[in-house]
Amino acid sequence: MILETDIEQGLRERLEEFGFKVLKLYTPGHTGAMDRMILRPRYSPGPPMFVELKRRGKKLRPLQAAIGEDWKKRGCEVLEPILGIADMTERVSELIDMVILDYRHAKMFGQGQ
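Residues numbered from 1 in each chain as written. Predicted model: local features only at pLDDT ≥ 70, side-chain atom pairs only at ≥ 80, totals over all residues. Heavy atoms only, no water.

A. Fine view of the sheet that holds strand 2 (residues 36-39). Pairing is mixed across the open sheet formed by four strands, whose spatial order is 1-2-3-5. Strands with a single pairing partner mark the edges of an open sheet, and in this sheet they are strand 1 (21-24) and strand 5 (77-78). Direction of pairing for strand 1 relative to strand 2: antiparallel, over a ladder of four bridges. Counterpart to K21 in the pairing with strand 2 is L39. (Pairing = 2+ DSSP bridges. Helix = DSSP H or I, 4+ residues; strand = E, 2+ residues; numbered from the N terminus.)

B. The arrangement of the packing of helix 1 (residues 4-16) against helix 3 (residues 85-108) in detail. With their axes 10 Å apart at the nearest point, helix 1 and helix 3 run at an angle of 20° to one another. Considering the angle they form, helix 1 stands roughly parallel to helix 3. For the crossing formed where helix 1 meets helix 3, the hand is right-handed. In this structure, helix 1 uses D6, I7, G10, L11, R14 and L15 to contact helix 3, whose residues at the interface are I85, M88, V92, L95 and I96. Residues belonging to the contact of helix 1 with helix 3 are distributed by class as follows: eight nonpolar, one polar and two charged. (Axes fitted to C-alpha atoms, helices over the stretch in contact; angles between N-to-C directions. Parallel < 35°, antiparallel > 145°, perpendicular 65-115°, else oblique. Left-handed = near helix turned anticlockwise from the far one by under 90°. Contact = heavy atoms within 4.5 Å. Nonpolar A, V, L, I, M, F, W, Y, C, P; charged D, E, K, R; others polar.)

C. Looking closely at the pattern of salt bridges. This model, assessed by the stated rule, comprises nine salt bridges. Residue D35 is joined to R36 by a salt bridge in which the shortest nitrogen-to-oxygen separation is 3.1 Å. With respect to class, D35 is no different from R36; both count as buried. One salt bridge connects E52 with K54, and the closest N-O pair in it is separated by 3.8 Å. Assessed through its relative accessible area of 10%, K54 is described here as buried. (Salt bridge = Lys/Arg side-chain N within 4 Å of Asp/Glu carboxyl O. Buried < 20%, exposed > 50% of the residue type's maximum accessible area, 1.4 Å probe, protein only.)

D. Geometry of the nonpolar core. By size, the foremost hydrophobic cluster in this structure holds 21 residues, and its most contacted members are L11, L15, F18, F20, I38 and I82. With eight residues, helix 3 is the single largest residue contributor to this core. A33, I67, W71 and V78 belong to the second-largest nonpolar core, a separate cluster that totals seven residues. (Core = buried A, V, L, I, M, F, W, Y, C linked by side-chain atoms within 4.5 Å.)

Don't take any of this as a statement about function, it's just geometry.
This is the structure we're talking about:
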């Protein structure tokens, strides 16, 4: 059985190769907050992204969806939930594609991640 921690580990390991930071959020007193924050690499700055990880077949609770909408209105980038390993792999590819030109430029000119 695939656990949420397996999804998180794959997400973190693959994205950190390209300079992303994937942080688990602990928000005591704020039930329903997204549980991961993804910081873009230094070579490709932008707003932090928030995402909820779920095992396949699970859904966002209504409170989580409402909080995601509130955070979007506040200027945050809230990604669709990642639902399982296959979805995580696809999403990682999309995020890497988003920064790959900046990544190559940084590598070519020796800029840090």
